[in-house]
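Coordinate inspection notes
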Amino acid sequence: MARKPFQEKITTYDIGVRDFPDLGVFSASKLILLVPLPLSPSSRPDSSVGWFTNPLKALYYGLWIQYRWLLLKLLIAVVIVAFFALFIYNLPGYTVKWVLGV
């Protein structure tokens, strides 16, 4: 014999309109979506100041989203140029050491 799927029963569910006895959890959540509840007006400001309070988030949305691949290519190019510059900078000293056998 097959078991019934587990579903918690809510004995009374009051959403402000009427009571719904013996309502399952899933059907109650669907009912909440269907029946509009009166919502209190929010006390949010007209404009958000999140960009000023978190500058890294502003840089993320302003630069990283649009120029992600350009910034990655630029970073790789800077690393390669830095290694090449260090190679050229250290080449004369190591060449002299190699020639003199030091």
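Residues numbered from 1 in each chain as written. Predicted model: local features only at pLDDT ≥ 70, side-chain atom pairs only at ≥ 80, totals over all residues. Heavy atoms only, no water.

In the annotation of an unreviewed UniProt entry, the chain is listed under the name Otoferlin and assigned to Holothuria leucospilota. Word for word, the UniProt comment on the chain under Subcellular location (unreviewed entry) is "Membrane". (UniProt positions renumbered as here; feature names shortened; annotations may be inferred.)

The next point concerns the overall build of the chain. Scanning the chain from N- to C-terminus turns up three helices and two strands. Secondary structure elements of the chain occur, N-terminal to C-terminal, as β-β-α-α-α. Within the chain, the proportion of its 102 residues that are buried is 8%. In the chain, 0% of the contacts between residues at least 6 apart in sequence involve partners at least 24 apart. On the chain, roughly 10100 Å² of surface is accessible, and the fraction owed to carbon and sulfur atoms is 68%. (Helix = DSSP H or I, 4+ residues; strand = E, 2+ residues; numbered from the N terminus. Buried < 20%, exposed > 50% of the residue type's maximum accessible area, 1.4 Å probe, protein only. Contact = heavy atoms within 4.5 Å. Areas by Shrake-Rupley, 256 points an atom, 1.4 Å probe, with all protein chains shown as cover.)

Within the UniProt annotation, "transmembrane region" (unreviewed entry) is assigned to residues 70–89. In the segment residues 70–89, helix accounts for 100% and strand for 0%; the C-alpha atoms at its two ends are 28 Å apart.

Before going further, it helps to examine the packing of aromatic side chains. All chains considered together, the criterion is met by one aromatic pair. With a centroid separation of 5.1 Å and 75 degrees between ring planes, the pair formed by Tyr60 and Tyr61 is classed as edge-to-face. Its relative accessible area of 36% is what places Tyr60 among the partly exposed residues. By relative accessible area, which is 44% here, Tyr61 ends up partly exposed. (Phe/Tyr/Trp six-rings, centres within 6.5 Å; stacked < 30°, edge-to-face > 60°.)

Below, the discussion takes up a nonpolar patch on the surface. Nonpolar side chains collect at one region of the surface, where Leu56, Leu59, Tyr60, Tyr61, Leu63, Trp64, Ile65, Tyr67, Leu70, Leu71, Leu74 and Val78 lie side by side and expose about 1200 Å² of accessible area between them. With respect to the secondary-structure elements, Trp64 resides in helix H3 (residues 55–100). (Patch = residues over 30% accessible without salt bridge, like charges linked within 9 Å, V, L, I, M, F, W, Y side chains within 5 Å. Salt bridge = Lys/Arg side-chain N within 4 Å of Asp/Glu carboxyl O.)

Further remarks concern H3. Taking 1.5 Å per residue as the helical rise, H3 with its 46 residues ought to reach 68 Å, whereas the 55 Å between its terminal C-alpha atoms falls clearly short. Tyr67 marks where H3 bends most, by close to 85 degrees. The first or second residue beyond H3 is Gly101, which carries a positive phi of 75 degrees. (Expected span 1.5 Å × (residues − 1). Bend = angle between axes of the 7 residues up to and from the residue.)

Next up on the list: the confidence of the model for the chain. Residue-level pLDDT values for the chain average 74, and 51% of them are 70 or greater. A low-confidence stretch, residues 10–14 stays under pLDDT 50, and its non-local contacts, those more than four residues away or across chains, total 17 contacts. (pLDDT = per-residue confidence, 0-100.)

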